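Report on the structure
This is what each chain is made of:
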Amino acid sequence: MKAVMSMTLGVMTAIGGFVDIGNLVTSGITGARFGMTLTWAVLVGTIGMALFAEMAGRVTAVTRKPVFHVVRERLGVRVSMVNAGASTLLNVLTLAAELGGVSLVLQMVTGISYLIWVPLAGLAAWLVIWRMPFQWMENIFGLLGLGLIVFVVALFRLPTDWPAMWHQAIHPGVPAGQPAPTWWFYAVTLIGACLVPYQVIFFSSGGREEGWTSESMTEMRVNAFIGFPLGGLLSLAIMAAAVPVLEPAGIQVSHLNQVAVPVAVAFGRAGLAVVFVSFFAATFAAAAECALSSGYSVAQYMGWSWGKRHPPGAAARFHLICLASVIAATAFTLTTIDPVTVTIFAVVLGAAAVPLTYFPILIVANDARLMGERVNRRWANAAGSFFMLIMVVVSLASLPLLLLTKAGQ
Amino acid sequence: MAVVSDLASAQLAARLGLRGQSFPAFTDGNITDAENDADSVNSTFGSRQPPDSRSDALRQKMLQALSDATSALTDLRVAVRMDDRTQVTKALAEVGGALRHFEGIQQELQ
Amino acid sequence: MRTYELIGCQVYDAEGQAVGTVHDLHFRLRVQPDGSQACQLDALECGGIGLGHRLGYGEHAMSGPWPFPQLFRYLARRSLAVPWSQVTAVNRPRIDVSARRDQLRPARRQGK
Amino acid sequence: MTRWDEDEFTANDLLLDRELIDSRGMPAGRVDDLELTVPGPGQPPVLTALLCGPTAFGPRLGGRLGTWWQAIGRRLRQVTGSYPNRIVVELVDHVDRLEITLLTPRENLDSYRFRRWAEEKVIGRIPGSTK
């Protein structure tokens, strides 16, 4: 019974944990502007994430070391330094976007400018890293993040034209009157939002924090193969909710509060309250995970002790890096750059760096000397290579599209 | 057209407010965002020089529509903050008018 | 002596022909006369593409993903093992060896 | 006597960049370089110590970044000269594909001052750092 309990808990936290500011913003924008024609991008991103998360989780469970711990031995000093450096910078940028998201949610609720909330959000995120036990952090915010299901329920209250949306999803194509490059740009942002580097860094390091062993393989696989896809479904629900409400009225999403409007139309104040709580939980959990991931990347590269399972004093430099990234992200967000724009840039730059983050996972999961009989099967390699190809294409297309469409104008 | 989106967004938010389906801070946030976006469109559009006379007439009409839109949004924000239902409904009518004005211009452009 | 003084050096054989750059050091465990064990530098692995070895593709233990095992085995086929006993001079970035290029046998990994 | 997982291996296989775990299971950095010494004339060099720290890591990085990294290391350790932290082979307990375990706790290793600085000057000062 206890195993089933912890399994369901794991799935729920994976669902709640999957969605972050990147998914909220990109799903809201694309739903309002392109309807459901970009459903395929969310599916590609989610399946790719589930696949590589399972591989990374398997490496962690078998070797009892997070996957990026082995990267420096595999890619050599220079290449792995580029990998660690790039993912740390990306983690800080994503952390800035997440802190911006948390502050925007608090602005939605209180009406007080988000800039006031940024330092408080940063301090709260750091306090969670500093003292909140790892399991609590996962469970509390993961479960609260489940509130996003309100978008799924809202679809049944809203005048949703299911056949038309289903048709759009099945026959993806640039909707009439919309510029093709912008459509492809948002496809890249949706895929990037699902494959944000910190998520796989956190998934595998978190697995080590929770002490996964070969016995916890099923729990890990349930998290990866059920938790993440359901998280992807939530992103689709947010996109779908915008179609019956925002698209007909010609409303383009450029602020986070517009993403919540469809639930207000469906359920009024009660619905809004649930959205506020789940938006807060999703972005706040992501902020804590981002800060931890920058600590994980640097500490695992340098061989320092890391993780929340040690008292902070025993992993001093790890906590120093986490603290520094929270301060840097808070300062970056306080420069009043619009958090939504920061999110788009973080997601697109993430998409550009995706192969750098995911390629080592594919390699390490194939080493029989490390993985024993848990090495990648043929299907895992075939699917992994297929998605790696997609990731390379997405990565090559991301920056040109960013410049061409001036971040999705 | 970005301004059409701002007008529609503010209109929807105000209607939700009137129907009690939203929180004051949330309605106000949506309308203020719309107003700020419309202002920035207004200022960037105003600074551009038209190439020839036909587009100059069009530009005058557009400038007029833009300033109507921004003032309508400001009236709406003020009304919502005063929480005065009649003022809000009046401002909503103004926003609706600006919206129809823009739809007219869009027909003309096609 | 430290590894960075060896790894990355260009190896030249008796006739001054370039054999390749050193990408790894091969060690063998030996029991010393006084009973203690020592980890002796047995040979320098040079030539070919070191990346394949680095990624772990040197020893047929990698099950995929296609095409990497085949690709890296092809790229690494020219890697040679230069026994340390035949090294005559080490002054970075050049290492001189007394043997001739064709006398050198391929790096141990291909055999296993 | 060090227990080796394999009796024939290469530096990249088992040694370079491997994580060092001290006798209490705490990470103690990574092997940034190896020290080889020739015991006598005509004899092949033998591994005598594992080296870690910025002054060991810098040269392997190479290029401007490497020299810059090394310079930082030298400044951090002017007290004991620029030679990197040395972990003699006799202190090594077991070497396998995953990690290298040592026979002493990491406090005994003269590892870098950055860890002590972070522990005492920054993290130690924040309440709750020892719980």
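Scroll up for the structure.
The text that follows walks through the structure, step by step, so that each part is easy to find. Since we're looking at a predicted model, the values are computed, not measured.

**Structural notes on the interface of chain B and chain A**
How big an interface is tends to be stated in terms of accessible area lost as the parts join. If you look at the interface, chain B gives 16 residues, while chain A gives 23 residues. Buried surface at the junction of chain B and chain A, summed over both partners, amounts to about 1,600 Å²; 62% is from carbon and sulfur atoms. Looking at the side of chain B facing chain A, the largest losses of area belong to Gln-21, Phe-23 and Phe-26 of chain B, adding up to 35% of the total buried there. Seen at the junction of chain B and chain A, the total is 0 salt bridges. The interface formed by chain B and chain A holds 6 residue pairs in polar contact (both at pLDDT 80 or more) in total. For the side of chain B that touches chain A, the elements supplying multiple residues, two or more each, are helix H1 (2–18) and helix H2 (24–46) of chain B. With 7 residues, the top contributor of residues to the side of chain B that touches chain A is H2 of chain B.

**Some points on the interface of chain A and chain D**
With 29 residues of chain A in contact, the opposing surface of chain D contributes 35 residues. Overall, the association of chain A and chain D removes approximately 2,900 Å² of surface from exposure, summing both partners, and the carbon and sulfur fraction of that is 63%. Taken as a group, Arg-72, Glu-73 and Arg-317 of chain A account for 20% of the area that chain A buries against chain D, more than any other trio of residues on that side. Our count for the contact surface shared by chain A and chain D stands at 16 residue pairs in polar contact (both at pLDDT 80 or more). Secondary structure elements with two or more residues in the side of chain A that touches chain D: helix H4 (67–110), helix H5 (114–131), helix H12 (256–302), helix H13 (316–333) and helix H15 (368–371) of chain A. Considering each element in turn, the side of chain A that touches chain D owes the most residues, 6 residues, to H4 of chain A. Taken together, the residues that form the side of chain A that touches chain D break down as 14 nonpolar, 8 polar and 7 charged.

**Comments concerning the packing of aromatic side chains**
Taken as a whole and judged by the stated rule, the model has 28 aromatic pairs over all chains. Aromatic pair Trp-68 of chain D and Trp-69 of chain D: ring centres 6.3 Å apart, planes at 80°, arrangement edge-to-face. Aromatic ring contacts, followed pair by pair, group Phe-134, Phe-202, Tyr-296, Trp-306 and Phe-318 of chain A into a single cluster. Seen from the ring of Tyr-301 of chain A, Arg-72 of chain A lies directly overhead, with NZ or CZ sitting 4.9 Å from the centre. Of note, Arg-94 of chain C hangs over the ring of Tyr-12 of chain C, and the distance from its end group to the ring centre comes to 4.1 Å.

**Concerning the pattern of salt bridges**
The full count for this structure, using the stated rule, is 24 salt bridges over all chains. Of the charged contacts in the structure, one is a salt bridge between Glu-19 of chain D and Lys-65 of chain A, with a shortest N-O distance of 3.3 Å. Linking Glu-19 of chain D in strand S3 (residues 19–21) with Lys-65 of chain A in the loop between helix H3 (39–63) and H4, this pair reaches from one chain into another. Per residue, the accessibility class of Glu-19 of chain D equals that of Lys-65 of chain A, and both read buried. In this structure, Glu-15 of chain C engages Arg-100 of chain C in a salt bridge whose closest nitrogen and oxygen atoms are separated by 3.5 Å. Here the residue Glu-15 of chain C occupies a position in the loop between strand S1 (10–12) and strand S2 (18–31), and Arg-100 of chain C occupies one in the loop between strand S6 (94–97) and helix H4 (108–111), the gap between them amounting to 85 residues. Given a relative accessible area of 35%, Arg-100 of chain C falls into the partly exposed group. The network of salt bridges with shared partners includes Arg-72 of chain A together with Asp-17, Asp-32 and Arg-60 of chain D.

Parameters and conventions
- Every chain is numbered on its own, with residues counted from 1 as its sequence reads.
- By the order in which they are written, chains take letters starting at A while ligands take numbers starting at 1.
- Reporting of local features is limited, given that this is a predicted model, to residues whose pLDDT is at least 70; pairs of side-chain atoms are given and counted only at 80 or more, and all residues count toward the totals for whole chains, interfaces and linings.
- Based on all heavy atoms of the structure, the side-chain values leave hydrogens and waters out of the count.
- Note on contacts: a residue pair qualifies if any of its non-hydrogen atoms lie within 4.5 Å across the two residues.
- When two parts are brought into contact, each loses some accessible area as probed by a 1.4 Å sphere; the total of that loss over both is the buried area.
- Just to be clear on terms, a salt bridge is a Lys or Arg side-chain nitrogen sitting within 4 Å of an Asp or Glu carboxyl oxygen.
- Throughout this description, a polar contact denotes any pair of N or O atoms lying within 3.5 Å of each other; where both atoms belong to protein, one of them has to be capable of donating a hydrogen while the other can accept it, and for residues adjacent in sequence the pair is counted only when both atoms sit in side chains.
- Comment: elements are numbered from the N terminus, with helices defined as DSSP H or I runs of at least four residues and strands as E runs of at least two.
- Charged residues are taken to be Asp, Glu, Lys and Arg, nonpolar residues to be Ala, Val, Leu, Ile, Met, Phe, Trp, Tyr, Cys and Pro, and polar residues to be all remaining types, Gly included.
- The rule is short: rings of Phe, Tyr and Trp, with Trp giving its six-membered ring, pair when the centres are within 6.5 Å, and they are stacked under 30 degrees, edge-to-face over 60, tilted in between.
- For a lysine, the NZ atom is tested; for an arginine, the CZ atom; a charge sits over a ring if that atom is within 6 Å of the ring centre and within 35 degrees of the ring normal.
- For each residue, the accessible area found with a 1.4 Å probe, counting protein chains only, is set against the maximum for its type, and the residue is called buried under 20%, exposed over 50%, and partly exposed in between.

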